[in-house]
Amino acid sequence: MGNVVFTTMNIQTQLVPSWKNELASEFEKVYFQKLLAFLDEEANTQTLYPPNPLILNAFSKCHFDEVKVVILGQDPYHGEGQANGLCFSVNEGVKIPPSLKNIFKEIQSDLGQEMPTSGNLERWAEQGVLLLNAILTVRANKAASHRNKGWEQFTNAVIRLISERKDKVVFLLWGNYAQEKGKIIDEEKHLVLKTAHPSPLSAKKFFGSQHFSQTNYYLEQYDKQPINW
C-alpha cells in the first residue's frame, strides 16, 4: 500500500509499444488523470488487486497487432493472490474459480480437450486473445469497488479502437454486462458471439454455446491461426 505512485508515466511503462502508440492520447484525458488520482489515494490506505505491475497485463501479453479474439470480463478477482490482470485468469497454483472451471468444462465439451490443471490464461493471451476486464482494479475483498471511477471509459476506448482499426476479430460477450458494453462493436466487420455468463448462477445457459469451436472456424475462414484453447 502506498509504495507506488500512479502516474501516466508509471502506467505507460506497463505497455508494449503497439498499445502505447494507440492509446497515448487516452492517458492525457481529464477522466484518466482523475482515475490515477483516485488510485493513488486508494493505494495509501487499501490493498488493491491486481498488483500494480499487472494492472495492464492484458495489453502486455497480447499486442495490439496480434489481437484476434477479445474476451470481456467485469472486474478483477478480489481475493489475495488471484488477479493477474487477465480476465477470468488466476495465477499459477491458485485454485481454479467456479466461472473459469465452467469455461474449461465448455471447452472440454466443445473441443474434446482435457481439463487444464492451471487457471493461468497467459497461454491464450500469447496467441492473440485479449483478456480484458471492463474495470482493471479492485479493492481487496470488495467486488466492483472501483466501478464508475474511469476504467469503463478507458476500456470502451480500447474496444472502440479494436472495432475501428482491426478486421475480423472475434468478440466473446458472456452475460448482460459484457453484452451491454459490446454495443460499440461493429458487427459487420467482426464476429460477436453472445451467451450467458459462465458463473454457476447462469452456467446452464453458457454450456453448449460452442463459442470456442465457432471462434476457431471463423479465424480459419480468414486465414488466421486458430487458438489452442
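As shown above, the structure is provided for reference.
Please read these numbers as outputs of a predicted model, since none were measured by experiment.

**Digging into the packing of helix α2 (residues 17–27) against helix α7 (residues 151–165)**
Now for step 1: Look at α2 against α7: their axes get within 11 Å of each other, and the N-to-C directions meet at 135°. By the angle class used here, α2 and α7 are oblique. Helix-helix and strand crossings are classified by hand; for α2 and α7 the assignment is right-handed. Facing Trp-19, Glu-22, Leu-23, Glu-26 and Phe-27 of α2, the residues of α7 in contact are Gln-153, Phe-154, Ala-157, Val-158, Leu-161, Ile-162 and Arg-165.
Now for step 2: Of the residues assigned to the contact of α2 with α7, the class counts are eight nonpolar, one polar and three charged.

**Comments concerning α7**
Now for step 1: Relative to the 21 Å expected for 15 residues at 1.5 Å per residue, α7 spans 21 Å between its end C-alpha atoms, a close match to the ideal helical length.
Now for step 2: Buried residues of α7: Trp-151, Glu-152, Phe-154, Thr-155, Ala-157, Val-158, Ile-159, Leu-161, Ile-162 and Ser-163, and no others.

**Side note on the sheet that holds strand β2 (residues 69–73)**
Now for step 1: Strand order in the open sheet made by the four strands is β3-β2-β5-β6, with parallel pairing throughout. Where the open sheet ends on each side, the last strands, each with one partner, are β3 (129–133) and β6 (191–195). Sheet twist, expressed as the average angle between the axes of neighbouring strands with direction ignored, equals 20°.
Now for step 2: Two strands pair when backbone bridges link them, and strand β5 (residues 170–174) and β6 are joined in this way by five bridges, in the parallel orientation. Across the sheet, the residue bridging to Phe-171 is Val-192, located in β6.

Reading guide: rules and limits
Residues numbered from 1 in each chain as written. Predicted model: local features only at pLDDT ≥ 70, side-chain atom pairs only at ≥ 80, totals over all residues. Heavy atoms only, no water. Axes fitted to C-alpha atoms, helices over the stretch in contact; angles between N-to-C directions. Helix = DSSP H or I, 4+ residues; strand = E, 2+ residues; numbered from the N terminus. Parallel < 35°, antiparallel > 145°, perpendicular 65-115°, else oblique. Left-handed = near helix turned anticlockwise from the far one by under 90°. Contact = heavy atoms within 4.5 Å. Nonpolar A, V, L, I, M, F, W, Y, C, P; charged D, E, K, R; others polar. Expected span 1.5 Å × (residues − 1). Buried < 20%, exposed > 50% of the residue type's maximum accessible area, 1.4 Å probe, protein only. Pairing = 2+ DSSP bridges.

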